[in-house]
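Structural features, examined
Read off the chains here:
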Amino acid sequence: MKIKFYGTSAGGGIPEIFCYCRVCEYARQHGGKDIRTRSQAVIDDCLGVEYPVDTFAHTAYRGLDMRKVRNILITHAHHDHFLTADILSRPQGIDRVNFYVPEASGRALKASIEKQEEAYRNGTRKKTCDFSVSVHDLKHYQTYDIIGYQVTPLRAHHQDALDSSLYIIRKDDKCILWGFDTGRFYEDVLEYIKASGVRFDFVVLDCTLKENEQITELHMDLTWCREMADKLTEMGAVDERTRIMVSHIGHLVEKTHEELCEAAARYGMEVAYDGLEIEI
Ligand SMILES: [Zn+2]
Ligand SMILES: [Zn+2]
Ligand SMILES: [Zn+2]
């Protein structure tokens, strides 16, 4: 499995638009890995993970070609993961895109599609392309076949009202855990992983917060990421061959990319950055 990260930031991105903090200043001056756009990745050039506000920027400046990524998995409907306003356009030469979305997070897009269809039906809008969007509801703890990937949504400790999800994504003998946005995993998630007997080749976790300064239960810092990795290790889902990475990184972390890499290494973890491509 190949995983390419296009965006690795938390909600605000780095630099945050109005921010003068040290991390944002450093990013403005140095660019490179210190610039973080909103979370988006593509697996094997065909399965998208997230459709954030920066999808356009990734398309314009980062070589992201969503025309080849017709199947997109969404964790939840926050703008840094799912910007529905940037979907219902009039593209030419493409017929359908599929979004796989936790049920509650898909409702707004479904309503927009229905509104558009109604406008086509009643003639207030003229249809000028064949493009259509399908929203596939996902329920926690059910496994779906999405273009040959076995995908299982798990209940994230984030926004219950949006059915926020983590994902187990499997193909052939490879398996990854997509672990954000979330605070410390709910017990039922850990029980599910344990009972399923799964072993992860790659785990990517939410690291929005400053080390040891957990200002919310709904995201994690390095210590909580390590705590989750330890729980997964205890049950055999993670072992010495598993790559554990942190992502969804905002300026709240109060570290430049290099500083965060050093800190994460002390916890046995790596740090994702925009443009990173890994093979597992
Ligand atoms: Zn987020
Ligand atoms: Zn800042
Ligand atoms: Zn969120």
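Data block above holds the structure.
Described below are features of the structure shown in this document. Worth saying up front: this structure is predicted, and the values here are computed from it rather than measured.

1. A closer look at the pairing of strand β10 (residues 174-179)
Most of β10 is tucked away, with five of its six residues classed as buried. Bridge count for strand β9 (residues 165-171) against β10 is five bridges, and the pairing is antiparallel. Note that in β10 the partner of Tyr167 across the bridge is Trp178. Remark: two residues form the turn of the hairpin made by β9 and β10, two consecutive strands paired antiparallel; Asp172 in that turn has positive phi of roughly 50 degrees. For the crossover from β10 across helix α4 (residues 187-196) to strand β11 (residues 202-206), the handedness is right-handed.

2. With respect to α4
Every buried residue of α4 is listed here: Val189, Leu190 and Ile193. Projected down its long axis, α4 shows its buried positions confined to an angular sector of 95 degrees, all on one face. Seen from the open side of α4, the exposed residues pointing more than 90 degrees away from its buried face are Glu191 and Ala195. Buried residues along α4 sit in contact with β8 (149-155), β9 and α5 (222-234).

3. Describing the sheet that holds strand β1 (residues 2-7)
Judged by pairing direction, the sheet is mixed, and its seven strands sit side by side in the order β6-β5-β4-β3-β2-β1-β14 without closing on themselves. The outermost strands of the open sheet, each flanked by one partner alone, are β6 (132-138) and β14 (277-279). Taken pair by pair, the neighbouring strands of this sheet meet at an average axis angle of 20 degrees, ignoring direction. By the bridge criterion, seven bridges tie strand β5 (residues 96-102) to β6 in an arrangement that is parallel. Looking at the pairing, Arg96 lines up with Ser132 of β6. Contacting β5 and β6, helix α3 (residues 103-122) runs over the sheet at an angle of about 155 degrees to β6.

Reading guide: rules and limits
Residues numbered from 1 in each chain as written. Chains lettered and ligands numbered in written order. Predicted model: local features only at pLDDT ≥ 70, side-chain atom pairs only at ≥ 80, totals over all residues. Heavy atoms only, no water. Buried < 20%, exposed > 50% of the residue type's maximum accessible area, 1.4 Å probe, protein only. Helix = DSSP H or I, 4+ residues; strand = E, 2+ residues; numbered from the N terminus. Pairing = 2+ DSSP bridges. Right-handed = clockwise from strand over helix to strand, strands pointing away. Arc of directions from axis to C-beta. Contact = heavy atoms within 4.5 Å. Axes fitted to C-alpha atoms, helices over the stretch in contact; angles between N-to-C directions.

Spatial relationships are all this shows, so hold off on functional conclusions.
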